[in-house]
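Chain by chain, the residues run as shown.
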Amino acid sequence: MSQKILLDKINVPGIKTYEVYRQNGGYASVEKALKTLTPDEVTEEVKKSGLRGRGGAGFPAGMKWSFIDKKSGRPRHLVCNADESEPGTFKDRFLMEYIPHLLIEGMITSSYALGANLSYIYIRGEYMWVFKILERAIAEAKAAGWLGKNILGSGYDLELHVHCGAGAYICGEETALIESLEGKRGNPRIKPPFPAVSGLWANPTVVNNVETIATVPWIVNNSGDDYAKIGIGRSTGTKLISASGHIKNPGVYEIELGLSVDEFMNSDEYLGGMSSSRPLKAFVPGGSSVPILPAELIFKTANGEDRLMTYESLSDGGFATGSMLGSGGFIVYNDTACVVRNTWNFARFYHHESCGQCTPCREGTGWLEKILWRIENGQGREEDIELLWSIQSKIEGNTICPLGDAASWPVAAAIRHFRDEFEYHVRFPEKIKNRDHFVAEPFSQVKHLVGGKVIV
């Protein structure tokens with residue numbers, strides 16, 4: 001069994017309430033930090049831990065904290081990004097819903113480290129029931145003296161608020177989130193200046209994901225060095241994975257980084273293998289925005305090494321033969337899944353969620369959706385595949401925020417690894433007009449029609 005840091009107490013009856021959370025060691029990191037550590041010492045422990053941002057980018061959290069401007073004298077803020085809108089990802093909701101005080105504790109300890117006296121949790125608009133859970137937890141924490149003026153007689157003050165977004169995926173980008181928090185349209189800002197210098201109301205601001213902040217109490221209670229001993233290499237600690245698709249045991253899992261993809265996929269402790277006798281076709285390891293990988297690159301890298309659940313191993317080979325750990329949205333497909341339909345569905349999402357600020361994203365995501373729809377609905381042309389490749393290449397790297405990249409990467413990977421499936425759609429439109437065309441006749445059985453080898 002792997003070590004549990006975030007989900008260790010998740011099944012304790014009543015852990016959602018302050019009383020039970022406190023009885024099980026809750027808020028110990030706040031006591032330790034405020035009574036025995038300076039803010040810089042807390043930051044140093046987080047740096048030692050090697051904890052990387054769990055929202056997708058994987059940037060070292062302690063390093064990000066160290067960038068915050070402490071010289072200007074302006075107020076500082078910590079903002080928790082709880083706008084979990086990445087398709088395939090639901091682990092932050094799980095944490096907030098079932099153990100909300102862990103996040104509250106992490107916000108207090110992290111705000112102390114940053115010298116922030118006013119902090120926010122920005123939560124996705126669709127998570128209204130979780131919003132109410134957090135509001136209740138904050139009220140309980142404040143009533144118990146963990147928030148407000150002069151916490152534990154330390155002289156440190158902190159006010160914490162939950163702000164509910166309006167359901168825009170773009171607000172998961174930190175500067176768009178800040179814009180929304182300020183009451184504006186959620187459009188990403190051009191950087192620099194970075195939020196650490198000029199963020200919320202032009203004040204120094206750190207934006208971290210729910211899982212990242214919820215990990216801080218364990219690090220402070222134990223030590224950054226102890227956290228760094230968990231995991232492998234630069235992928236330290238544990239990671240929450242949202243698992244879905246054609247697997248026996250979908251759900252949220254906490255794994256030690258370094259676990260093999262094979263063990264995670266097939267052991268009874270985790271996903272339990274495929275949900276039926278249908279073979280594995282592909283998977284997306286880190287949410288809808290990361291490249292899809294075919295079966296032959298899932299358990300082994302292109303170099304023949306075991307594929308591990310780490311930032312480095314999943315990206316081994318670059319986008320040619322690798323993907324990304326991303327937000328940990330682990331989606332598994334068997335051979336009845338249609339890659340073209342799946343890619344169109346993702347493209348539809350990104351077109352809908354583009355803020356429209358950048359021309360390549362605003363126009364390009366629309367064309368990706370239209371062309372993929374055309375191919376999936378039996379109206380595709382041979383030149384459409386190259387057209388898709390051209391459009392996605394003109395979006396990637398040419399936008400203010402990463403949404404353009406998120407829209408282009410799935411399309412590029414789908415064509416790179418499953419081009420013959422696109423060709424099949426174009427050449428045999430009558431075979432794919434049925435929505436479930438690969439259920440009765442999986443592509444592995446008909447790929448010889450486009451020059452591929454038949455797999456039975």
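Refer to the structure presented above.
Quantities reported herein were computed from a predicted structural model and do not represent experimental measurements.

## With respect to the sheet that holds strand S4 (residues 205-209)
One open sheet accounts for 4 strands, arranged S3-S2-S1-S4; its pairing is parallel. The sheet terminates laterally at strand S3 (159-164) and S4, the two strands that pair on one side only. Taking each pair of neighbouring strands and ignoring which way they run, the sheet shows an average axis angle of 20°. Across 5 bridges, strand S1 (residues 77-82) lies against S4 in parallel orientation. Across the sheet, the residue bridging to Leu78 is Val206, located in S4. Contacts from helix H8 (residues 174-181) reach S1, strand S2 (118-123), S3 and S4, with the element oriented near 105° to S2.

## So, the packing of aromatic side chains
Evaluation of the coordinates by the stated rule reveals 22 aromatic pairs. Here Tyr253 and Phe264 contribute two aromatic rings whose centre-to-centre distance is 5.9 Å and whose plane-to-plane angle is 90°, an arrangement assigned as edge-to-face. Residue Tyr253 is located in strand S8 (residues 251-256), and its partner Phe264 is located in helix H11 (residues 261-266); the two are separated by 11 residues in the primary sequence. A residue is classified by how much of its surface remains accessible, and Tyr253, at 14% relative accessible area, is buried. Through successive ring pairs, a cluster of aromatic residues spans Tyr253, Phe264, Tyr270, Phe283 and Phe330. A cation over an aromatic ring shows up here: Arg348 above the ring of Trp344, its NZ or CZ 4.9 Å from the ring centre. Lying over the aromatic face of Trp367, Lys370 brings its terminal NZ or CZ to 4.8 Å of the ring centre.

## Here we look at the side chain of Thr109
In this structure, Thr109 sits in helix H6 (residues 100-114). In contact with Thr109, not counting residues within four places along its chain, are Ser29, Val30, Ala33, Val42, Val216 and Val220.

## Points about the side chain of Asn208
Mapped onto the elements of the fold, Asn208 is located in strand S4. Not counting the four nearest positions on each side in its chain, Asn208 is found in contact with Lys64, Trp65, Val79, Cys80, Asn81 and Ile213.

Reading the values: rules and limits
Residues numbered from 1 in each chain as written. Predicted model: local features only at pLDDT ≥ 70, side-chain atom pairs only at ≥ 80, totals over all residues. Heavy atoms only, no water. Pairing = 2+ DSSP bridges. Helix = DSSP H or I, 4+ residues; strand = E, 2+ residues; numbered from the N terminus. Axes fitted to C-alpha atoms, helices over the stretch in contact; angles between N-to-C directions. Contact = heavy atoms within 4.5 Å. Phe/Tyr/Trp six-rings, centres within 6.5 Å; stacked < 30°, edge-to-face > 60°. Buried < 20%, exposed > 50% of the residue type's maximum accessible area, 1.4 Å probe, protein only. Lys NZ or Arg CZ within 6 Å of the ring centre and 35° of its normal.

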